[in-house]
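# Reading the structure
Residues per chain, in single letters:
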Amino acid sequence: MSAKNYNELTPQEILMLAIDVEESNGTRLRTFAELFADYAPDSAALFAEIADEEDQHARQLETAFERRFGELQRTVTEQDVQEVVEAYDLDDGEHLVFDDLNLRRALKIVLAAERRAEDFYRRAVEGATDPELRELYRQLAEFEDGHVQWIEARLASLGGSA
Amino acid sequence: MSDEKPDTTPTEPANPAKTSITDMLAAARAETANLGTQSTAKKPTVPTKAKPPSKGPKSKVAPPAEPTGWRVDLFKVVPLLKRLCKLRSFQFLLVLPNVLVFYLFFISALYGHPVGNQNILIMIVWILWWFLLIVFLVPFGSRIWCTVCPLPFFGDWIQRRELVGVRPGKTGAFKNEMHGGSRAWPKKLRNIWLQNIGFLAMALFSALLVTRPIASFVAFIIMVGAATVFAMIWRLRTFCNYLCPISGFLSLYSMAATVELRSESKDVCAKCKDKACLTGSEGGWACPWGVYMAKLDRNNYCGLCMECVKSCPHDNISLFARPFATDIHLKHYDEAWKAFIMTVLAMVYSITLLGPYGWVKDLANVTWTGNVSGFAAYSACIIVACLVALPLLHLAAVGAGRLLAGKEKVPLKKLFIGYAYTLVPVGLLAWIAFSFPLMMVNGSYVLQVVSDPMGWGWNLFGTAEFPWTPVLPEVVPYIQTLILMIGLLYAILKGYEVARSLYQDRSAALRSFAPVMVYLCGLTCVYLFFFTA
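Residues numbered from 1 in each chain as written. Chains lettered and ligands numbered in written order. Predicted model: local features only at pLDDT ≥ 70, side-chain atom pairs only at ≥ 80, totals over all residues. Heavy atoms only, no water.

On to the overall build of chain A, then. When you go through chain A residue by residue, the secondary structure sums to five helices and zero strands. In chain A, the succession of helices and strands from N to C terminus is α-α-α-α-α. Relative to its 162 residues, chain A shows a buried fraction of 67%. Taking contacts inside chain A between residues at least 6 apart in sequence as the whole, the part at least 24 apart equals 79%. When the accessible surface of chain A is totalled, it reaches about 5,100 Å², and 47% of it is carbon and sulfur. (Helix = DSSP H or I, 4+ residues; strand = E, 2+ residues; numbered from the N terminus. Buried < 20%, exposed > 50% of the residue type's maximum accessible area, 1.4 Å probe, protein only. Contact = heavy atoms within 4.5 Å. Areas by Shrake-Rupley, 256 points an atom, 1.4 Å probe, with all protein chains shown as cover.)

Looking now at the overall build of chain B. Per the secondary structure count, chain B includes 23 helices and five strands. Taken over 533 residues, chain B has a buried fraction of 53%. Contacts in chain B between residues at least 24 apart in sequence constitute 78% of all its contacts with a sequence separation of at least 6. When the accessible area of chain B is evaluated, it comes to approximately 23,100 Å², of which 69% is carbon and sulfur surface.

Residue and element names in this part refer to chain B. For the structure on display, the rule yields 28 salt bridges over all chains. Here Glu 335 makes a salt bridge to Arg 298, at a shortest N to O gap of 2.8 Å. On the criterion of sequence distance, the pair formed by Glu 335 in helix H16 (residues 333-354) and Arg 298 in the loop between helix H14 (276-279) and helix H15 (307-311) is long-range, its members being 37 residues apart. Both residues of the pair, Glu 335 and Arg 298, belong to the buried class. What you see here is one network of salt bridges that share partners, running through Arg 71, Glu 260, Arg 262, Arg 322 and Asp 327. (Salt bridge = Lys/Arg side-chain N within 4 Å of Asp/Glu carboxyl O.)

Right, let's get into a nonpolar patch on the surface. Residues and elements named next belong to chain B. On the surface, a cluster of nonpolar side chains totalling about 1,200 Å² of accessible area is made up of Leu 104, Ile 107, Leu 110, Tyr 111, Ile 214, Val 218, Ile 222, Val 450, Trp 456, Trp 458, Leu 460 and Phe 461. Elements supplying a minimum of two residues to the nonpolar patch: helix H4 (90-111) and helix H10 (213-233). Here the nonpolar patch gets four residues from one element, more than from any other, and that element is H4. Considering the arrangement of structural elements, one finds Val 218 in helix H10. (Patch = residues over 30% accessible without salt bridge, like charges linked within 9 Å, V, L, I, M, F, W, Y side chains within 5 Å.)

As a further point, take the sheet that holds strand S5 (residues 317-321) of chain B. Residues and elements named next belong to chain B. Across the sheet, three strands lie side by side as S1-S5-S4; this open sheet has antiparallel pairing. If you trace the sheet from one side to the other, it starts and ends with strand S1 (72-73) and strand S4 (259-263), each paired once. Two elements, S4 and S5, share five bridges in a ladder whose sense is antiparallel. Bridge pairing in S5 places Glu 260 opposite Phe 320. (Pairing = 2+ DSSP bridges.)

Moving on, we get to the state of the cysteines. Residues and elements named next belong to chain B. Applying the stated criterion to the full structure yields zero disulfides over all chains. Note on Cys 85: no disulfide assigned, nearest cysteine sulfur contributed by Cys 308 at a separation of 9.6 Å. Overall, Cys 85 belongs to the buried group, its relative accessible area being 2%. With no disulfide of its own, Cys 287 lies closest to Cys 305 among cysteine sulfurs, the gap being 5.4 Å. (Disulfide = S-S within 2.5 Å.)

Before going further, it helps to examine the packing of helix H5 (residues 120-141) of chain B against helix H21 (residues 423-451) of chain B. Residue and element names in this part refer to chain B. Where H5 contacts H21, the two axes come as close as 8 Å, and the packing angle between them is 140°. Judged by the angle between their axes, H5 and H21 are oblique. Of the two elements, H5 crosses H21, and the hand of that crossing is left-handed. Classifying every residue of the contact of H5 with H21 gives 23 nonpolar, two polar and no charged. (Axes fitted to C-alpha atoms, helices over the stretch in contact; angles between N-to-C directions. Parallel < 35°, antiparallel > 145°, perpendicular 65-115°, else oblique. Left-handed = near helix turned anticlockwise from the far one by under 90°. Nonpolar A, V, L, I, M, F, W, Y, C, P; charged D, E, K, R; others polar.)

Laid out in structure tokens, this is it:
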């Protein structure tokens, strides 16, 4: 199946996609948490914590989906969409990333993913012609924006700017 | 929407179509909290306070950049190459002959002829290997030497308990069954300073290493021993990443190489849940170098073991051909100093080993002359030149450039490290210029020792009596001049690219780079003077 553009998706599929994105991020973050457990324990703990958050978000979205559309069928995953919605990722490809990672940098990694997701949904708002779809995108963007604010607040608590 | 289902949940509003996702999420949150079921988060859930409507997109976060400039996917052009790299036995088949030959050299060092030019260890390693490495393998193969390097052979074996196969399993984050050490390398040593010091130390004893087989034997035994012990204590290739002096300079000069191992699509990597290049999989071992292919943008720390080619579940890793000197960004002081050290040592080697200065040779050959104070002075001069003099000259040029650039101020540290990259093409080509006469003048010794590897009077291939025959020695200075000029040209072109990446204003970039360009020209003149002396 060739990857779709996000504006080809129905509201139901968008919610499925959002659920899959949250779950996938939980998996990624757990991998990072394990990878950095010895090297940067505080960052690893953050990754593990956010992974739990992502799982919880996925369940919230699942519940929302079931309320609106009935039983969740996973016919759309992030692999089926051309764009990258939100993917927690390291910001360095070299082994030295193990050397430089600290809590601030880890939070910035998390923040980058959240901002990217918010950016994705806001761009989707602009491109959507269906009012219902536009509203769904807007609400998902706000959902992500809540995450952004939360991470920014944690960064601010460390001192300095995000 | 036609496929909407009526809400059957009794506690919820009757008309779900009019319920916003935010409301539903709030309800879902409440429900999850009340149930107290699978919520594992210790902290309160992300706040979802009412937000002002739709903000514009945030431009801070750009999608992952795909590489710019031309690249040729060698796996697509030569499918056989991909099939070879995907073979589980790929690295083993390359390393094994190298390991056997390497340890045969040890026998030669212990029991063979004690004079360097009659011993196969010296002639093959320090003449032939060095020539091939610096003239062909690094510029055209990046860190391909690390693919076949015999030094970590035993360490890898200890960690994997396999020579060819891969062991799926779970060891910490790794999805492989790993043995050996799992400790993290001390934080303060997570850089290449030890490699810098190691290479500098080896260079001080270069005259000894190239004339006394037993000295080379001791140096290699220490390296093999360290690689093995490190694998038993620390995880993955800690020795290669942080200690191996050869790895250090390969790391620097691989930036100029015309090949790179990279992911084909950054988006595929971003969406990848497994991160198998880092963690390993049923198909391949976790990257022994700790390289994460999704974000790899330089050759420096990729040892080209090709495990990621095998472990990637998306078949998203490929080998690319690219222009010379594509990676242009040094990142830390330790890398900048590596460039300084290598630049100075290219000159020192040429003066000491090939130059007409007998008194310098005498100072360096402490074991022959017994002149310890002379050797100490020689060593001190080299250390000061590598660690202080050239960095100060560089700082002066960079500082002058910063002043000339005018209003647009870039941090001095950024300029210092950024412009140190210019020493990569200059230094690499200087090493190539040094290596040509090494081979052209002394290459005939290689033919001799191949026939008589132990210096015991054998004549295995009929070349033991091949006379010392320098090849076109009168042409050597012209070749060296041409090579050094190519190095200077690339340094200027790439240095300007660095300047443009640091300054927004083209004119400021040019003014900033001008003093660096002058000192690069001066450096090349010094090379020319000593190389052609």
